[in-house]
Amino acid sequence: MVRTDQLTWTEYVEKLEGDPLVFLPVGAHEQHGPHLPMGTDAILATRMAEAVAGRLHGLVLPTLTYGYKSQARSGGGQTFPGTISLDGQTLTAMTQDIIRELARHGVRRLIVLDGHYENQWFLTEGIELAQRELLTSGTQMDIVRTEYWDFCPQHVLDTVFDGNFPGYDLEHAALIETSMMLHWQPELVRLDAIPQDDQAHFEIFDYYPQDGAGVPASGVLAPARGASAAKGQLITDNTVEAIIQALQAKFCDR
Ligand SMILES: [Zn+2]
């Protein structure tokens, strides 16, 4: 795995001759409870991209460390101090701008690896607008957009949650993210601050202006207790492997 921000431009040009998969990790700066750092989504997307790229001789771009607005039912919402979010059009424009530049360099395979649920449609829009632009200039770029958690196998979720997986919506600063952080960046986890809150319960609609209704005071949407580095390793190893297999199947000459 090579990070582009540590290459010279001449080394970068040489690397592109091998037509590598180029990874763009995307995260957020968002409250993750009293026990995880606000950069958790960015950190996990980065580590995931680095792990996958390392096995596929890929390049990793600098992470987009800000994301679209936190929503109450998936990230606790915008009422927390510390959460710094972008307007959708900003994230869309950044995505489009980066793709345009990569196309100019000759990048032909891009993996946009998202670690913050709320980003997905604005990343998608940036990709769509960029593709429209590239098509008019006759430039081809294969782009994959994915949220890494979709690759975590069911048998791993069954093991980690003992058959009681609450669903990804509520997996905010909860057992999965806490375990992954304990595996990859344990020095950033405040173990003694893991809250004892139970699972959040929400209305089945979103309300604006956001008022934080239903969001536990801790900002954690499902129990994080029971998280461990061992569970984190089980999750990350299996997820990395599944992403690699999917990318190899899509780009079968890798
Ligand atoms: Zn998160």
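A. Quick look at the environment of Ile243. Residue position: Ile243 is located in helix 8 (residues 229-250). As for Ile243 and Thr146, which are separated by 97 residues in sequence, their C-alpha atoms are 9.4 Å apart. Each residue touching Ile243, except ones within four places of it in the same chain, is listed here: Met48, Val52, Tyr148 and Phe151.

B. Spotlight on the sheet that holds strand 3 (residues 59-60). What the 5 strands build is an open sheet, ordered 1-3-2-6-7; its pairing is parallel. Of all strands in the sheet, those with a lone pairing partner are strand 1 (2-3) and strand 7 (142-147), marking the two edges. Here strand 1 runs beside strand 3; their pairing, made up of 2 bridges, is parallel. Opposite Arg3, over in strand 3, you have Val60 as the bridge partner. Along the sheet, helix 2 (residues 40-55) makes contact with strand 1, strand 2 (22-26), strand 3 and strand 6 (109-114), crossing strand 2 at roughly 165°.

C. Looking closely at the packing of aromatic side chains. Counting across every chain of the model gives 4 aromatic pairs. Between Tyr68 and Phe122, the ring centres sit 4.3 Å apart and the planes meet at 35°, which makes this aromatic pair tilted. Here the residue Tyr68 occupies a position in strand 4 (residues 67-68), and Phe122 occupies one in helix 5 (residues 120-136), the gap between them amounting to 54 residues. Residue classification places Phe122 among the partly exposed positions, given a relative accessible area of 24%. Site record: aromatic cluster; members linked through ring pairs are Phe161, Phe165 and Tyr168.

D. Summary view of the coordination of the zinc ion. At the metal site, the zinc ion is ligated by His32 (NE2), Asp41 (OD), Glu177 (OE) and Glu177 (OE), and these contacts range over 1.8 to 2.7 Å. The site at the zinc ion holds 4 donor atoms, and with the angles between them running 52 to 139°, its shape is irregular. Read from N- to C-terminus, the donor residues coordinating the zinc ion fall into the pattern H-x8-D-x135-E. Of this pair, Asp41 sits in helix 2 while Glu177 sits in helix 7 (residues 175-184); the two residues are 136 residues apart in sequence, bridging distant segments of the chain.

Rules used in this analysis
- Residues numbered from 1 in each chain as written.
- Predicted model: local features only at pLDDT ≥ 70, side-chain atom pairs only at ≥ 80, totals over all residues.
- Heavy atoms only, no water.
- Helix = DSSP H or I, 4+ residues; strand = E, 2+ residues; numbered from the N terminus.
- Contact = heavy atoms within 4.5 Å.
- Pairing = 2+ DSSP bridges.
- Axes fitted to C-alpha atoms, helices over the stretch in contact; angles between N-to-C directions.
- Phe/Tyr/Trp six-rings, centres within 6.5 Å; stacked < 30°, edge-to-face > 60°.
- Buried < 20%, exposed > 50% of the residue type's maximum accessible area, 1.4 Å probe, protein only.
- Donors = N, O, S within 2.8 Å, 3.2 Å for Na, K, Ca; no water.
- Tetrahedral: all angles 85-135°; square planar, octahedral: opposite > 155°, others 65-115°.

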